[in-house]
Amino acid sequence: MSNMDNTEVIEQANQGNSRKQYWYVIRELTGREIKRKYARSYLGIIWSVLNPLLTMIVLSAVFSTMFKKSIDNYPVYYLTGWIIWRLFSEATKTSLTVLVDNKNLLVKTKIPRIVFVLSRCYTALVNFALSCIAYVFIIAVFQLTPDVTWLLFFVDMVFIMLLSIGLGALLSILYVFFADINHLYTVLLTMLMYLSAIFYPIQSLPGWMQSVLGVNPIFVFIDFARTAIMECQVPEPIIWIKMIVWSGVIFAIGITVFRRRQNDVMIHI
């Protein structure tokens with residue numbers, strides 16, 4: 001972020017402590033993140049729509065034949081898992097370094113430090129919304145019949161954002177004190193991705209592996225969305241319980257740790 005951009009954000013942020021000022025900072029930081037991400041791209045933000053489509057085409061070509069007997073509408077199945085995974089992955093991974101990346105603003109502004117975490121999660125949500133354009137297109141291509149259960153998709157997004165904000169807040173604090181957490185979390189994300197049944201059916205796994213996936217929070221959110229969108233059914237109570245518990249517990253832990261250690265950040269940053 002340039003010095004001029006920093007000055008604009010600092011001036012607005014220091015004008016008051018109302019939610020209006022905080023929301024302005026979140027929007028400004030989000031806008032700058034998106035511009036920076038696509039600064040050298042000719043297609044720019046269109047890549048957020050094309051990327052899931054191109055990835056889906058490649059993965060569908062590779063795996064659709066392999067799983068065609070166990071997964072109907074494989075491209076929709078895959079894309080449902082992929083966009084949810086990308087939302088979680090981007091929100092938490094970018095939040096990890098947010099305090100260090102914005103140390104100048106942390107010193108010069110009076111806004112709550114959690115606003116910086118929220119800005120990274122909001123940026124991921126904006127990119128997710130763009131990916132949903134491709135998702136809606138694929139749903140239309142495969143002629144899935146709309147159902148009232150599709151509204152549960154938005155419920156799913158609320159809870160996964162709570163999970164992402166909580167984990168993002170926790171990671172941002174940990175990174176200030178333990179920079180190696182960046183490498184460890186990258187490995188953990190890779191493991192979680194393969195344990196989320198994004199491109200394969202969970203039924204293809206042995207029983208003990210299905211049990212492992214059953215406690216993976218990301219798989220829970222993906223399974224919830226697939227049930228609501230592809231099967232047009234309300235997810236079973238156990239799925240609701242897992243989703244609420246995971247998001248609630250991680251959010252509570254992340255925010256609590258963040259509040260208790262945020263004042264120590266300036267000493268170590």
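Above this note sits the structure.
Definitions and cut-offs
Residues numbered from 1 in each chain as written. Predicted model: local features only at pLDDT ≥ 70, side-chain atom pairs only at ≥ 80, totals over all residues. Heavy atoms only, no water. Helix = DSSP H or I, 4+ residues; strand = E, 2+ residues; numbered from the N terminus. Buried < 20%, exposed > 50% of the residue type's maximum accessible area, 1.4 Å probe, protein only. Contact = heavy atoms within 4.5 Å. Areas by Shrake-Rupley, 256 points an atom, 1.4 Å probe, with all protein chains shown as cover. Phe/Tyr/Trp six-rings, centres within 6.5 Å; stacked < 30°, edge-to-face > 60°. Lys NZ or Arg CZ within 6 Å of the ring centre and 35° of its normal. Salt bridge = Lys/Arg side-chain N within 4 Å of Asp/Glu carboxyl O. Axes fitted to C-alpha atoms, helices over the stretch in contact; angles between N-to-C directions. Parallel < 35°, antiparallel > 145°, perpendicular 65-115°, else oblique. Nonpolar A, V, L, I, M, F, W, Y, C, P; charged D, E, K, R; others polar. Polar contact = N/O pair within 3.5 Å; in protein donor to acceptor, adjacent residues only side chain to side chain. Expected span 1.5 Å × (residues − 1). Arc of directions from axis to C-beta.

## Brief notes about the overall build of the protein chain
Point 1. A count of helical and extended segments in the protein chain gives twelve helices and zero strands.
Point 2. Every one of the 269 residues in the protein chain was classed for burial, and the buried ones make up 51%.
Point 3. Across the protein chain, every contact between residues at least 6 apart in sequence was considered, and the portion connecting residues at least 24 apart equals 76%.
Point 4. Carbon and sulfur atoms provide 64% of the accessible area of the protein chain, an area that totals close to 14,000 Å².

## Things to note about unusual backbone geometry
Point 1. Positive phi outside glycine occurs at Gln143, with the angle close to 55 degrees.
Point 2. One can find Gln143 in the loop between helix H7 (114–141) and helix H8 (152–177).
Point 3. On the basis of relative accessibility, which here comes to 66%, the residue Gln143 falls in the exposed class.
Point 4. One non-glycine residue, Ala197, lies in positive phi territory at about 50 degrees.
Point 5. Mapped onto the secondary structure, Ala197 falls in the loop between helix H9 (181–194) and helix H10 (207–214).

## Things to note about the packing of aromatic side chains
Point 1. For the structure shown, the criterion picks out nine aromatic pairs.
Point 2. Consider the rings of Tyr194 and Phe199, whose centres lie 6.2 Å apart with planes at 90 degrees: the pair is edge-to-face.
Point 3. A residue is classified by how much of its surface remains accessible, and Tyr194, at 46% relative accessible area, is partly exposed.
Point 4. Relative accessible area serves as the criterion here: at 16%, Phe199 is assigned to the buried category.
Point 5. Here a set of aromatic residues connected by ring pairs shows up, and it is made of Phe128, Tyr135, Phe153 and Phe154.
Point 6. The cationic tip of Arg226 hangs over the ring face of Tyr77; the distance from NZ or CZ to the ring centre is 3.5 Å.
Point 7. Between Arg261 and the ring centre of Phe177, over which it is positioned, the NZ or CZ distance is 4.8 Å.

## Some words on the pattern of salt bridges
Point 1. What the rule picks out here adds up to three salt bridges.
Point 2. In this structure, Asp264 and Arg261 form a salt bridge, with 2.8 Å as the shortest nitrogen-oxygen distance. Placement of both Asp264 and Arg261 in helix H12 (residues 237–268) is noted, with a separation of three residues, approximately one turn of the helix.
Point 3. Judged by its relative accessible area of 24%, Asp264 falls in the partly exposed class.

## Thoughts on the packing of H8 against helix H11 (residues 217–229)
Point 1. Two elements in contact, H8 and H11, have axes whose closest approach is 9 Å; the angle formed by their N-to-C orientations is 170 degrees. In terms of axis orientation, H8 runs roughly antiparallel to H11. Residues Leu152, Phe153, Asp156, Phe159, Ile160 and Leu163 of H8 form the contact with H11, whose own contacting residues are Pro217, Ile218, Phe221, Phe224, Ala225, Ala228 and Ile229.
Point 2. For the contact of H8 with H11, the per-class residue count stands at twelve nonpolar, no polar and one charged.

## Brief notes about the packing of helix H4 (residues 74–96) against H9
Point 1. The interhelical angle for the contact between H4 and H9, taken along N-to-C directions, is 175 degrees, at an axis separation of 11 Å. Judged on the interaxial angle alone, H9 and H4 are roughly antiparallel. Here Trp85, Phe88, Ser89, Thr92, Lys93 and Leu96 of H4 come into contact with H9, specifically with Ile181, Asn182, Tyr185, Thr186, Leu189, Leu192 and Met193.
Point 2. Each residue belonging to the contact of H4 with H9 can be placed in one class, and the counts come to eight nonpolar, four polar and one charged.

## Observations regarding the environment of Asp101
Point 1. Its location among the elements puts Asp101 in helix H5 (residues 98–101).
Point 2. There is a polar contact of 2.8 Å between the side chain of Asp101 and the side chain of Thr97.
Point 3. For Asp101, the side chain forms a polar contact with the side chain of Arg120, separated by 3.3 Å.

## Quick look at H9
Point 1. Between its terminal C-alpha atoms H9 stretches 20 Å, which fits the 20 Å expected from 14 residues at 1.5 Å a residue.
Point 2. Of the positions making up H9, those classed as buried are Ile181, Asn182, Tyr185, Leu189 and Leu192. One face of H9 carries all of its buried residues, which in axial projection span an arc of 90 degrees. Structural note: H9 exposes His183, Leu184 and Val187 on the side pointing more than 90 degrees away from its buried face.
Point 3. Buried residues belonging to H9 abut H4 and H8.

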